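# Remarks on the overall topology
Letter by letter, the chains look like this.
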Amino acid sequence: MPAKTPAPFDLASLQSALPKIFDQAQTTTANHQKNFVALYKLHSDAAAITESVQNGKSLKLTGERAFQDAFLDMLTRVLPVKKGTTVADRIVKFAAGYSKFITEKSTSLFAEGSLHCSFCVDVEERKKAELDEDDDTTSERFLNQLVRFLLKGCVAKDKVVRFRVIQCIADTIAHLGEIDEDLYTDLRSTLLDRLRDKEPTVRTQAVIALSKLSFSEDPSELEEGEPTILETILDAMAYDTSPEVRRAALLNVPLSPQTLPALLARSRDVDAPIRKLVYSAVLEKYCTPPDLDNGRATVGFTHPRALTIAQREMIVRNGLGDREETVKAAARNLLGVWVDVVRVEGKPQKKEEGVKEEVDVIEDLVAFLKLFDLTEDTIAEDALSSVLQTRMDIYEHIEFPEDYWTSITPERAFLARVFADQCLAKKDNLKLDTTLPVVTAFAFRIQDAYNALVEQIHADAAAAALEEEDEDERARREEARLDREFAIGEMLRLAVSLDYGDEIGRRKMFQLVRGMLSAGVLPEALLPRCLDVLRVLSPNERDLIRVVVEVVHELRDPSEGDADAEEGVSKAELDDDATEMGSPRRPVRPSQLPKPIAEMTPEEKARADAVDLRCLALCIGMLERVNGTFEENSTLEGILGELIIPAVKRREMALREKGLVSLGLCCLIARRMALSSFQLFLSQVQAAPEVLKIRVLQIIFDVLMVHEDAFLGPGSPNGERIIEFLLQLLEAEELERVQALLVVGIAKLMLSGMVTDERVLQTLVLVFISPETATNQELRQCLSYFFPVYSYSSAANQQRMRKIFIPLFERLTKAYHDWDGEEDMVTPAQVALMFVDWTDPMRAGTAAKGLRKDSEKDPIHLELATDIVKALFSVDYDKEDKKALCQMLGKLYLPDEVDDDKVRVLKLLVTNLRSRRPPRDTAAKNALAKFDAALSKKYEKQLENFSEEEFRKLEELRELFEFLDDIIPDEDDEEEAPRKGRKRRSLSVATETTTSVATSGDRSPPPSPRRGKAKYVCAFTAPISSEH
């Protein structure tokens, strides 16, 4: 029986077959693969139908065109469907999936050489016409036609259509393969235009599409000065106002060394979810963990070793310092991943039962700490603390065996110290006791490290004397010495946390630290660490001061200095031959006074100066750790007269600076000394260099803060002179660091309430807005924080801000009109808006978080309005200044409950102003009229029976009416001549007035009721509407 010949494919069947496929595809994504195959069969069958034209010289692809029209007809039906409709999203995904399906299908068929019958026509045509593989295939023609069709919708007026069209392009663009040059140019320019669309949803899809298109761009083919696609995406990621657009750019931008800085900069984005994504979706995702199968580690693009140390520190600083807890959590997770992946070399970590060995944990953490600079800031400490807090598997398995301390390195010492701090913070004393060595053993470890440092210092000095080593060798020696210093410093910080219940261990540690302080070879950076240990070991402050004073005398005593300065601490010295308090017994020697400076040789003078500098550093460290008064510690009297006062009188800058700092610290604990020495500090400020001036000013402000009653109290005779001195110094100072320090100190005095002078407050405002301080970022940042905090902290402070506004505004307007410098000056209108904000009682109530009661009843803005209206009577202001004041009135807060007299006084002033001295500017006149109307409407009851004649009889308002009676009304001929021609209303004035009215009410219409949710189904089987 002969086989049946299949019926020829009917193109008309496409009109019924495609809607059924699309109808199934919109219901669920589970049937998409099956429908890809069905749609591909229809496409293949249709592609086989051609029509011969031009006497058989060419073919007309009738079937392909019919399939394309039917497919585009189905796709067009979802374009007007709004975002968030699931069925439309499934159809877009189905269309993009089919594009990928036919591209892969065509590629696999050509690669295998087994061609499906539906595409045999193409292959036979290629063979007959001797066409290359570069010529279009059915799939390529289909995709090109699809893209060209979608590009037409990119300029549609309907924002939903634009969104859906760009969404289809973004999903399809990755499967296009090779496209025509013209089509690529149109696609690129269209997407770049849509990146400036006013709708964020459209810009989001444009960013996604451009990110996929950027891989095919060749920057060398662009015109000079034309930005690349990648640069445009990075610009959108940094500056687009929509968080969704920035998020899409962050997640889709290609990863490269060029884009990495821009990606890391998003860790300071204003949107918290974007900051979180930087850590979770970028840094952690592409930080590839080690490949444990072959024992080799793979370094990902964001692997910590692939980043610079500055980038790693920025990641930690921004993540752990973020104000949002979710961002902090993402940063902590990232640091935990870093610990796991950072060991590129070494043994693979064991993962059985999720437990790490103690040795592996230590090595992981040491390798992790090598990622950071341990000496800079607290970034490394914050990172390690975060790991110990979040990774309990690491915290529980940290052990410090005996061999851990034999070869101590900066990382190992740092790890032990931070671990001890974490144990103390968690109050895990059992873990701390079982992990750290006993005090006696730890004292010997510190001693070994210290002796090694002393030997290296002597070796470096001998090598420097020979002058035979090169720069690299000298730098290597310097780095090794600094590493030893840092390790000893961390061990001393760890010694503070030890348990000194063992008396033998306490005595040995005491003797070791005292011996290190007595040796002149100990680096000055380690002096504060030794003093911290000494303070823990001393029973009280008096004993601490006694020991330090003894050390100072030993260093300055020529008979003992030589021996102690050149010897380290030997183990034989750490015996039990000590006093009860732990200080070693020394043979009593007759004290010898040092030579006078005039009798010393230059070498002896230099040596004596070095010893004095070291003794002063010891005194500074000791005084910083003393809380008692000077009178309670009489031992300080001798060191004050023998060391500190002579150092203050020296001409050498280093000695005088440390002497002044020591004297200032003594003044903090001695009230009488502060009163007698304060004039000395003031005199040092005048002609001192910048470094010394900064130190002296710090001393001055510290003394004023500690002894406030003695200098700035109500009964102080010198308070006015001190304030005058500080203001003159601030006005005359030119150094930016000194200016910033003065402003910070004065702001502290104002904020604490010690200084309430309105002149000081006015000066700070003038300094803040002065163009001469525009480059002083430290000063500007301090004052931008100070003024809101000062104003909102109390109602009295807001009243001071109100009182200084009009005098300040007068000075500002004169300075503004006379200013001719290069820097732009803050306009009077901007300053007026600042004062509206600083004196707003509602803002103060919100900022104070309930501490300010009845802030909504505070009439401060009503009083400010009275001051402004009185100032508007003046003829000294020009048109723009009066306009700024009038527009300021509309932004003031008018309380519901207020004293009737205050309202009537303000109403009286406004009425007289409008009748006698009306503003000549139209915008100002309109603003004043609106404020008058708002005032009358707000306080209609209070002004109902208001009579100016009765008001004049009140004795307390006599000055007000005398002020009003002295006002000479403006003559009519002085007013501006009316403009000729057709009258036009200024758009800017109308807009500004409308905005002010809308803002004052701050009322928005209620939201429209939500419609009931209904299941949306695209009507693929129904004819498409003509309006789409």
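Just so we're clear, the structure is a prediction, and the values are computed from it rather than from any experiment.

### Focus on helix 11 (residues 243–252)
Taken together, the buried positions of helix 11 are occupied by Val245, Arg246, Ala248, Ala249 and Leu250. As for helix 11, its buried residues are in contact with helix 9 (200–213), helix 10 (229–239), helix 12 (260–265) and helix 13 (272–283).

### Some remarks on a negative patch on the surface
Negative charge collects at one region of the surface, where Glu181, Asp182, Asp186, Asp218 and Glu221 lie side by side. Turning to its location among the elements, aspartate 186 is positioned in helix 8 (residues 181–194). Of the residues examined, aspartate 186 reaches a relative accessible area of 38% and is grouped as partly exposed.

### Regarding the environment of glutamate 381
Along the chain, glutamate 381 turns up in helix 17 (residues 379–390). We classify glutamate 381 as partly exposed; its relative accessible area is 21%. In this structure, the C-alpha to C-alpha distance between glutamate 381 and leucine 369, residues twelve residues apart in sequence, is 9.0 Å. Sequence-distant contacts of glutamate 381, that is, excluding residues within four places in its chain, are made with Phe414, Arg417, Val418, Asp421 and Arg493.

### Considerations on helix 6 (residues 138–152)
With 15 residues, helix 6 extends 22 Å from end C-alpha to end C-alpha; this agrees with the ideal 21 Å at 1.5 Å per step. By the burial criterion, the buried members of helix 6 are Thr138, Ser139, Phe142, Leu143, Asn144, Leu146, Val147, Leu150 and Leu151.

### Brief notes about empty space enclosed by the protein
For the structure on display, the rule yields two cavities of 30 Å³ or more. The computed volume of the second largest cavity comes to approximately 60 Å³. In this structure, the second largest cavity is lined by Leu712, Ile722, Ile723, Leu726, Leu727, Ile746, Leu749, Val755 and Val760. Listing elements by their share of the lining of the second largest cavity, those giving two or more residues are helix 33 (719–732) and helix 34 (736–751). In terms of residue count, helix 33 provides more of the lining of the second largest cavity than any other element does, four residues in total. Taken together, the residues of the lining of the second largest cavity break down into nine nonpolar, no polar and no charged.

### Describing the pattern of salt bridges
Counted according to the given criterion, the structure contains 56 salt bridges. For the salt bridge of aspartate 340 with arginine 391, the shortest nitrogen-to-oxygen distance reads 3.2 Å. Of the two residues, aspartate 340 sits in helix 15 (residues 325–341) while arginine 391 sits in the loop between helix 17 and helix 18 (392–396), which places them 51 residues apart along the sequence. One salt bridge connects aspartate 932 with lysine 907, and the closest N-O pair in it is separated by 2.6 Å. Placement of the pair is aspartate 932 in helix 43 (residues 922–938) and lysine 907 in helix 42 (residues 900–916), with a sequence separation of 25 residues. Comparing aspartate 932 with lysine 907 shows no difference in burial state: the two are buried. One salt-bridge network, in which partners are shared between bridges, spans Glu381, Arg417, Asp421, Glu490 and Arg493.

### As for the environment of glutamine 798
Here glutamine 798 is to be found in helix 37 (residues 795–818). Taking the C-alpha atoms as reference, glutamine 798 lies 7.9 Å from isoleucine 860; in sequence the two are 62 residues apart.

### Quick notes on the packing of helix 37 against helix 38 (residues 828–838)
It is at 10 Å that the axes of helix 37 and helix 38 come closest, and there the two elements cross at 175 degrees. Relative to helix 38, helix 37 is oriented roughly antiparallel. When helix 37 is examined against helix 38, the residues Gln798, Met801, Ile804, Phe805, Leu808, Phe809, Leu812, Thr813 and Tyr816 are found in contact with a partner set consisting of Pro828, Val831, Ala832, Phe835 and Trp838. Residue composition of the contact of helix 37 with helix 38, by class: twelve nonpolar, two polar and no charged.

### Here we look at the confidence of the model for the protein
Taken as a whole, the protein shows an average pLDDT of 81; of its residues, 80% reach a score of 70 or greater. Confidence drops under pLDDT 50 across residues 1–5; counting only partners more than four residues distant or on other chains, this segment forms zero contacts. Confidence drops under pLDDT 50 across residues 1024–1028; counting only partners more than four residues distant or on other chains, this segment forms five contacts.

### Quick look at the packing of aromatic side chains
The geometry of two aromatic rings is summed up by the distance between their centres and the angle between their planes. The final tally for this structure, using the stated rule, is 26 aromatic pairs. Between the aromatic rings of phenylalanine 805 and phenylalanine 809, the centroid separation amounts to 5.6 Å while the plane-to-plane angle is 45 degrees, which identifies the pairing as tilted. Highlighted residues: phenylalanine 805 and phenylalanine 809, both in helix 37, separated by four residues, approximately one helical turn. With relative accessibility at 1%, the residue phenylalanine 809 sits in the buried group. Of the aromatic side chains, those joined through ring pairs into one cluster are Phe22, Phe36, Tyr40, Phe67, Phe71, Phe94, Tyr98, Phe101 and Phe142. Geometry around tyrosine 395 places lysine 426 over its ring, the cationic atom sitting 3.8 Å from the centre. In this structure, arginine 780 packs its charged tip against the face of phenylalanine 768, placed 5.9 Å from the ring centre.

How each quantity is defined
Residues numbered from 1 in each chain as written. Predicted model: local features only at pLDDT ≥ 70, side-chain atom pairs only at ≥ 80, totals over all residues. Heavy atoms only, no water. Buried < 20%, exposed > 50% of the residue type's maximum accessible area, 1.4 Å probe, protein only. Helix = DSSP H or I, 4+ residues; strand = E, 2+ residues; numbered from the N terminus. Contact = heavy atoms within 4.5 Å. Patch = residues over 30% accessible without salt bridge, like charges linked within 9 Å, V, L, I, M, F, W, Y side chains within 5 Å. Areas by Shrake-Rupley, 256 points an atom, 1.4 Å probe, with all protein chains shown as cover. Salt bridge = Lys/Arg side-chain N within 4 Å of Asp/Glu carboxyl O. Lys, Arg positive; Asp, Glu negative; His and termini not counted. Charge placed at Lys NZ, Arg CZ, Asp CG, Glu CD. Expected span 1.5 Å × (residues − 1). 1 Å grid on protein atoms, 1.4 Å probe; cavity = no way out; pocket = protein on both sides within 12 Å on 5 of 7 lines; lining within 4 Å. Points joined across faces, edges and corners; volume = space filled by probe spheres on them. Nonpolar A, V, L, I, M, F, W, Y, C, P; charged D, E, K, R; others polar. Axes fitted to C-alpha atoms, helices over the stretch in contact; angles between N-to-C directions. Parallel < 35°, antiparallel > 145°, perpendicular 65-115°, else oblique. pLDDT = per-residue confidence, 0-100. Phe/Tyr/Trp six-rings, centres within 6.5 Å; stacked < 30°, edge-to-face > 60°. Lys NZ or Arg CZ within 6 Å of the ring centre and 35° of its normal.

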